[in-house]
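# Chain and residue survey
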Amino acid sequence: MTPVLEARSLAKTYESRGTKVSGLRTVDLVVERGEFVAVMGPSGCGKSTLLNLLAGLDRPSAGEVWLAGQRIDTLSETALARLRRRKVGFVFQFFNLVPSLTAAENVELPLLLSGQRRRKARRSARELLGELGLADQHAAAPAHLSGGQQQRVAVARALANRPDIVLADEPTGNLDSVAARQVLGLLRRARDQGQTLLLVSHDASVAAAADRVITMRDGLIASESQLDVGRQVSGILAIDEPT
Amino acid sequence: MRHLFLALLSGGDAHGYELKQALEGEFGTLLPSLNAGQIYTTLARLERDGLVVSRPVAGDGRGKREYQLTVEGRAALAGWIEKPVSGRRLKDEFLMKVVVVASAGLAKPKHLIDGQRREYLQSLRDLNDLLDANGKGPTAELLLEGAILHLKADLSWLDLIEQRLELVEAS
């Protein structure tokens, strides 16, 4: 089976006031279909650089990026944009909703762009918002929604097309813990439906929602942990023995 | 558990099974299954130390006993209430293990750190799952959130240990 996402000896060097700064030093990563992978590490470790390269939002200095069986670092901008539209959904820390559109229209947007009929797109958008507990907010402008609600709309938009690959950069960055758990729940549900997820976060508790957690430091992968799903845990409160 | 029992008994006399039920009501499924032995051993020790007295429940053929707080028991409870819980966390099995195992050349620190990181991440995931599950009280929820915050600190500390150890190896 071909991986959905692959980085081969990927590197990225930035030019900063005449000196070269390496954002990423030789990273190899393979993400299989249906996996939920999180990349964590302190700011500046290269995790967002990695995500941007994998998404084709930035070009590598060396190495290759493969997405959905295609090498993308050599693609033209138009070919890249077309591939992204068909295959990838994005969730960013700052929701990037279109302020002049309603919540429902924001969710409809990717559906219309991919050629769906307006009426069908409207219906799917309503359904999706309903599932996220936002049925009453479908006609609201983003500015009238709370941060948690806006982020749920952004997640709905990213998932609307049921893209094969969902890329999320600090998706819970400025949410309270309840809203953050809701967003993570949605991402996990997308994984349960067979979509592939790559999430980047500095927050270990967010990263731990994934099935595989990659820790980065200084532009390199420092370690990888495969986690067990749905372990039954109870009776974990420590009670001291009688003395 | 001693002081928890003293606190529960301050509200009125009770027998062992009632104390067990009160604890279960507060902590729900987080509580390890308490066996009768543990409960009665704790109560027997409290009685030995003069903090509670017991008497047989009238008309109970199985020898069930009811426990009552003594004056000394109330004083012990008051002392416990006023004394803050220790904030020191200077005991860490993992750091001891890494240092000793590395200096004896038994394993690479990196190997131990990776294993420990996975363990903490798995715990984080399990606790987050518990937090998402329904049917737990506010006490259990607070307990879980506290444990999650501690685990996040443990993970950051693991990063720090890793960085320091690498510095030592490089110099």
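Rules behind the numbers
Residues numbered from 1 in each chain as written. Chains lettered and ligands numbered in written order. Predicted model: local features only at pLDDT ≥ 70, side-chain atom pairs only at ≥ 80, totals over all residues. Heavy atoms only, no water. Helix = DSSP H or I, 4+ residues; strand = E, 2+ residues; numbered from the N terminus. Rg over C-alpha atoms; globule rule 2.2 N^0.38 Å. Contact = heavy atoms within 4.5 Å. Areas by Shrake-Rupley, 256 points an atom, 1.4 Å probe, with all protein chains shown as cover. Lys, Arg positive; Asp, Glu negative; His and termini not counted. Charge placed at Lys NZ, Arg CZ, Asp CG, Glu CD. Buried < 20%, exposed > 50% of the residue type's maximum accessible area, 1.4 Å probe, protein only. Pairing = 2+ DSSP bridges. Axes fitted to C-alpha atoms, helices over the stretch in contact; angles between N-to-C directions. Phe/Tyr/Trp six-rings, centres within 6.5 Å; stacked < 30°, edge-to-face > 60°. Core = buried A, V, L, I, M, F, W, Y, C linked by side-chain atoms within 4.5 Å.

So, about the overall build of chain A. Helix and strand counts for chain A come out as seven helices and ten strands. Whereas a compact globule of 243 residues would reach a radius of gyration of roughly 18 Å, chain A reaches 19 Å, a difference of no more than 12%. Projected onto the principal axes, the alpha-carbon positions of chain A cover approximately 70 × 50 × 40 Å. If you take every contact in chain A between residues at least 6 apart in sequence, the share linking residues at least 24 apart comes to 66%. Just so you have it, chain A exposes about 11400 Å², and 48% of that area is on carbon and sulfur atoms. Of the side-chain charges in chain A, 31 are positive and 26 negative, and the distance between the mean point of each set is 9 Å.

Right, let's talk about the overall build of chain B for a bit. When helices and strands are tallied, chain B shows seven helices and three strands. For chain B, the α and β elements follow one another from N to C terminus as α-β-α-α-β-β-α-α-α-α. A compact globule built from 171 residues should have a C-alpha radius of gyration of about 16 Å, whereas chain B, at 22 Å, is more than 25% larger. By principal-axis analysis of the C-alpha atoms, chain B measures approximately 75 × 35 × 30 Å. Scored against the burial criterion, the 171 residues of chain B give a buried share of 33%. Surface summary for chain B: the accessible area is close to 10300 Å², and the carbon and sulfur share equals 57%. One way to put it: in chain B the 22 positive side-chain charges average out to a point 4 Å from where the 24 negative ones average out.

Attention shifts here to the sheet that holds strand β1 (residues 14-15) of chain B. All names here are of chain B. Strand order in the open sheet formed by three strands is β1-β3-β2, with antiparallel pairing between adjacent strands. In this open sheet, the two edge strands, each paired with only one partner strand, are β1 and β2 (52-56). Relative to strand β3 (residues 65-69), β1 runs antiparallel, the two sharing two bridges. Bridge assignment links alanine 14 to a residue of β3, and that residue is tyrosine 67. Of the strands in this sheet, β2 and β3 are in contact with helix α3 (residues 36-48), which crosses β2 at around 115°.

What follows covers the packing of aromatic side chains. Residues and elements named next belong to chain A. Applying the stated criterion across every chain yields a total of one aromatic pair over all chains. Note on phenylalanine 90 and phenylalanine 92: the rings are 5.6 Å apart at their centroids and 5° apart in plane angle, and the pair reads as stacked. Its relative accessible area of 27% is what places phenylalanine 92 among the partly exposed residues.

A:Val107, A:Leu129, A:Val153, A:Leu187, A:Leu199, B:Leu121 and B:Leu124 are the most contacted members of the largest nonpolar core, which has 64 residues in total. No other element matches the eight residues that helix α6 (residues 109-132) of chain B contributes to this core. Each residue touching A:Val107, except ones within four places of it in the same chain, is listed here: A:Ala125, A:Leu128, A:Leu129, A:Val153, A:Ala156, A:Arg157 and A:Ala160. By size, the runner-up hydrophobic cluster in this structure holds 30 residues, among which are A:Leu5, A:Val31, A:Leu51 and A:Leu83.

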